[in-house]
Structures are given as C-alpha cells and as structure tokens.
Amino acid sequence: MRELKVKWSDPIELFKPGKYNTDEKFIEHLRKFISENDNPLLNETGIFMFLAGNIKPEEKLSVVFIEGTDEESIKDRIVKKKGHVREFKCIYKNYKDENLYLKIGKPEADVDIDKIVCAYTNYAYPSCNEKCQMEEKIIIKNEGNYSPLAQIYGQEEE
C-alpha cells in the first residue's frame, strides 16, 4: 500500500461546451483555448481534471474527466490528444450547458501518473473516464483546492 499527497490548483475557467453546435467545433475551440492560455501550470506535468458546474454563488462541481502526464506538458497533452477523443466528445454531449473548469494536481513525489489517475478514476468516478484495474492500493491525500474530490481516498473506514 502506498500513500501520497497531491496538491490541487485553483480552477481555470474554460467555457460552456454548448456554445458550439458540434463536438468537433467544441474540441477545436478547447484546443485553441488551452494552447493560447498563459497559465504557467499548463506548462508543467501532473494530473488534470475537467470539472462541470458552478463556482459562484456556491461551489457545485462534478468531476467529469481525469488524466495525467509525466512526459509532456498538460497543455501539450490536451492540445495534441489524438484519436476519436472519446472523452472530449463525452464532455460535450453530457455537459453542454454547464460551465467547464480545469484543475491541475501536482503529486508531491515521483510517482507513476497512470497509477494515480487509475486510483482517482476508481475513487471519484469521473463520468467520462473508463474504469481501470488498480494493481496496488494507493491512499491519496488531496491538498489545496481539491473540491469536489474528497480530502482522502483509499483509507479504510475504521
């Protein structure tokens, strides 16, 4: 069993996917928006999660999609995402009329990002991620602006 901490950023506000009339236009604009965004966190590696909902007047967010990268920047991972981009199409289809946000998580130690993403997927159930098999149990302690995630995942209730 492994224990690690992940520190989360404040949300980066994106836009409502529904202002575009097709998922292709939404994905094209999302890539452009991210590539032109000058937030320095996007130039780092780590974990990122797309959230849907509202921050004001009261924070009501749901985790939509979680992914990570330890080889390229988060910006590059989002902009250069290949294939059918199933996850982005899922965001467009299911969260058209909600505000979209992005949060960046930095693990405190050198860890396998894919294992952390798998753990988050199984703990937080993002609607646009597929379930995955965890090889080892991971306890994750979230710090910073981690809402709507729980503060701790993977610890057994006593």
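Preceding block: the structure.
First, a word on what this report is: a plain description of the structure on this page. Everything numeric in this text was worked out from a predicted model, so none of it was measured. (Residues numbered from 1 in each chain as written. Predicted model: local features only at pLDDT ≥ 70, side-chain atom pairs only at ≥ 80, totals over all residues. Heavy atoms only, no water.)

### Considerations on the packing of aromatic side chains
Per the stated rule, a full pass over the model turns up eleven aromatic pairs. Seen in terms of ring centroids, Phe-65 and Phe-88 are 6.5 Å apart; in terms of plane orientation they differ by 80°. Their pairing is edge-to-face. Taken together, the residues Phe-65 in strand S4 (residues 60–69) and Phe-88 in helix H3 (residues 86–94) connect sequence positions 23 residues apart. Grouping aromatic residues by their ring pairs yields a cluster made of Phe-15, Tyr-20, Phe-26, Phe-33 and Tyr-92. (Phe/Tyr/Trp six-rings, centres within 6.5 Å; stacked < 30°, edge-to-face > 60°. Helix = DSSP H or I, 4+ residues; strand = E, 2+ residues; numbered from the N terminus.)

### Points about helix H4 (residues 113–124)
Here H4 is twelve residues long and its end C-alpha atoms lie 16 Å apart, about the 16 Å a rise of 1.5 Å per residue gives. The element H4 is extensively covered by neighbouring structure, given that ten of its twelve residues are classed as buried. Buried within H4 are the following residues: Ile-113, Ile-116, Val-117, Cys-118, Ala-119, Tyr-120, Thr-121, Asn-122, Tyr-123 and Ala-124. Tucked into the core, H4 has its buried residues touching strand S1 (2–8), strand S3 (46–54), S4, strand S5 (99–107), strand S6 (138–144) and strand S7 (152–153). Looking at where H4 begins, the residue whose side-chain oxygen comes 3.0 Å from the main-chain nitrogen of Asp-114 is Asp-112. One or two residues past the end of H4 sits Tyr-125, with phi positive at roughly 50°. (Expected span 1.5 Å × (residues − 1). Buried < 20%, exposed > 50% of the residue type's maximum accessible area, 1.4 Å probe, protein only. Contact = heavy atoms within 4.5 Å. Polar contact = N/O pair within 3.5 Å; in protein donor to acceptor, adjacent residues only side chain to side chain.)

### Comments concerning the nonpolar core
Ranked by internal contacts, the top residues of the largest apolar core, which has 26 residues, are Leu-14, Phe-26, Phe-50, Phe-88, Ile-91 and Leu-102. Contributing elements (two or more residues each) for this core: helix H1 (23–36), S3, S4, helix H2 (74–79), H3 and S5. Contact partners of Phe-50, with chain neighbours within four places excluded, come to Leu-14, Leu-30, Ser-62, Val-63, Val-64, Phe-65, Ile-78, Phe-88, Ile-91, Leu-100, Tyr-101 and Leu-102. Residues Trp-8, Leu-51, Ile-66 and Ala-119 belong to the second largest nonpolar core, which totals 22 residues. (Core = buried A, V, L, I, M, F, W, Y, C linked by side-chain atoms within 4.5 Å.)

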